[in-house]
Amino acid sequence: MFVQEEKIFAGKVLRLHVCASDGAEWLEEATEDTSVEKLKDRCLKHCAPGGLEDPKNVTHHKLIHAASERVLSDAKTLLEEHVQDEDVILLIRKRAPAPLPKMAEVSAEEQKKQEQKAPDRDAIFRATASLPSHNMDRAVVQTSARDFQTELRKILVSLIEVAQKLLALNPDAVELFRKANALRQLTEMGFPETRAAKALRLNHMSVPQAMEWLIEHADDPTIDTPLPGPSSQGEAGAEAAPAAGTSEEEEARDELTEIFKKIRRKREFRADARAVISLMEMGFDEKEVIDALRVSNNQQNAACEWLLGDRRPSPEELDKGIDPESPLFQAILDNPVVQLGLTNPKTLLAFEDMLENPLNSTQWMNDPETGPVMLQISRIFQTLNRT
């Protein structure tokens, strides 16, 4: 008795559920070593008898494994494609590729693009040759449309100089700076400003002790009850301490000078890393990108316009400040809200912080102490800019 060799070494028989795109369903049996292309031929014979007369009919269809949503490769076997018994196979007709456009259609499309193309420099000159010429100072037009965010840095540089001179005349300036710095550290940790100020007064302006007190009394119902007496450490010290001598005044002046120097050292622009990468991918040099972001207060779109334009103002012009004799600066200094705010150390710290990181401008605009000052500066700028 002779047995065919292919039946002796035949693989496991799989019972597959085949679904065609027209809704037909049937059960197809095939061994594991059956190729995907052979299975596809059998499926096409079942759903479209006589359809194989066109040899392209096989290549126009594909088999998809329903569970994994994979297109089965014609060159592989069912075992290699990890097809299991009782799996569902989809027989789908491939999408026909889009026909190539005819030469007539291509030429018509190119002609349409040429018609919509912007005119070049010579075409503009030819079209406007008969028009009368007018001398217009483009610099005046650009200056009249100044952006507040661009000019804000110059304004802040000049206001910082004025604030430092005013605070240098205040005998309690050093103590006020200590309180402002300590209060800022606690508020940045998330503590409310009124609670932070109370904790600092109870703990002799020590930030670590005040933080521990705030944590220990977080659930205390009287934590927001204000303390009696002077609200600032400087006032309390002024009442309790005797009149300061010349040596103490010199020490306080030296300490205030060191505070101003420390603030200036912190004034270092930090460019937005994502904006730097995006602009450098356009082909700009890293130094040019950082200068552009510095001029535009880390605004990527404005920085791109600066790089593609005449690059005005330059980064060096930003540190010069605004002209002290200009109507804008005089109007800002004449404002009572600004005058009062310049005597507050917190305002000076806010100005320096905005120079260091322009993205913090919104935070200081919402601050109850520095917000009114920033609002008045913005209103004065917008009023004079319109006129």
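Owing to the predicted nature of the structure, the values given are computational and were not obtained by experimental measurement. (Residues numbered from 1 in each chain as written. Predicted model: local features only at pLDDT ≥ 70, side-chain atom pairs only at ≥ 80, totals over all residues. Heavy atoms only, no water.)

The geometry of helix 14 (residues 286-295) relative to helix 15 (residues 300-308) is characterised by a closest axis approach of 8 Å and an angle of 120 degrees between their N-to-C directions. The orientation of helix 14 with respect to helix 15, classified from their angle, is oblique. For the pair helix 14 and helix 15, the sense of crossing is right-handed. Contact with helix 14, carried on its side by Glu288, Val289, Asp291, Ala292, Leu293 and Val295, involves Gln300, Ala303, Trp306 and Leu307 of helix 15 and no other residues of that element. For the contact of helix 14 with helix 15, the per-class residue count stands at seven nonpolar, one polar and two charged. (Axes fitted to C-alpha atoms, helices over the stretch in contact; angles between N-to-C directions. Helix = DSSP H or I, 4+ residues; strand = E, 2+ residues; numbered from the N terminus. Parallel < 35°, antiparallel > 145°, perpendicular 65-115°, else oblique. Left-handed = near helix turned anticlockwise from the far one by under 90°. Contact = heavy atoms within 4.5 Å. Nonpolar A, V, L, I, M, F, W, Y, C, P; charged D, E, K, R; others polar.)

This brings us to helix 13 (residues 273-281). Here helix 13 has its buried residues at Ala275, Val276 and Leu279. Taken around the axis of helix 13, the buried residues stretch over an arc of 100 degrees, which confines them to a single face. Projecting away from the buried face of helix 13 at angles above 90 degrees are the exposed residues Ala273, Arg274, Ile277 and Glu281. Where helix 13 ends, the next residue or the one after it, Gly283, has phi of about 110 degrees, a positive value. (Buried < 20%, exposed > 50% of the residue type's maximum accessible area, 1.4 Å probe, protein only. Arc of directions from axis to C-beta.)

Pairing within the open sheet is mixed, and its five strands lie in the order 2-1-5-3-4. In the strand order of this sheet, the two ends are held by strand 2 (25-31) and strand 4 (70-71), each with one partner. The sheet contact formed by strand 3 (residues 61-65) and strand 4 spans two bridges and is antiparallel. Bridge pairing in strand 4 links Ile64 to Val71. In this fold helix 2 (residues 36-47) packs onto strand 1 (13-20), strand 2, strand 3 and strand 5 (88-93), with an angle of close to 145 degrees to the strand it touches most, strand 2. (Pairing = 2+ DSSP bridges.)

The subject of this paragraph is the pairing of strand 3. Along strand 3, four of the five residues are buried, which leaves the element largely enclosed by surrounding structure. Across five bridges, strand 3 lies against strand 5 in antiparallel orientation. The partner of His61 across the bridge, within strand 5, is Arg93. Counting the residues that bridge the hairpin from strand 3 to strand 4 gives four residues, and of these Glu69 lies at a positive phi of roughly 60 degrees.

A few words now on the pairing of strand 2. Bridge count between strand 1 and strand 2: seven bridges; the pairing is antiparallel. Along strand 2, the bridge assignment pairs His17 with Leu27. Between the antiparallel neighbours strand 1 and strand 2 lie four residues, among them Gly23 with a positive phi of about 100 degrees.

It is worth spelling out the pattern of salt bridges at this point. This structure, assessed with the given rule, holds eight salt bridges. Between Arg15 and Glu29 there is a salt bridge, and its shortest N-O distance comes to 3.0 Å. Taken as a pair, Arg15 in strand 1 and Glu29 in strand 2 lie far apart in primary sequence, 14 residues in all. Classification of Arg15 as partly exposed rests on a relative accessible area of 35%. The exposure class assigned to Glu29 is partly exposed, which follows from its relative accessible area of 42%. Salt-bridge contacts for Glu28 lead to Arg42; the nearest nitrogen and oxygen are separated by 3.3 Å. Of this pair, Glu28 sits in strand 2 while Arg42 is found in helix 2, placing the two residues 14 residues apart along the sequence. (Salt bridge = Lys/Arg side-chain N within 4 Å of Asp/Glu carboxyl O.)

A word on the packing of helix 9 (residues 193-202) against helix 10 (residues 207-216). The geometry of helix 9 relative to helix 10 is characterised by a closest axis approach of 8 Å and an angle of 120 degrees between their N-to-C directions. Comparing their axes, helix 10 and helix 9 come out oblique. As for how helix 9 packs across helix 10, the hand of that crossing is right-handed. Of the residues in helix 10, those in contact with Arg195, Ala196, Lys198, Ala199, Leu200 and Leu202 of helix 9 are Val207, Ala210, Trp213 and Leu214. For the contact of helix 9 with helix 10, the residue count by class is eight nonpolar, no polar and two charged.

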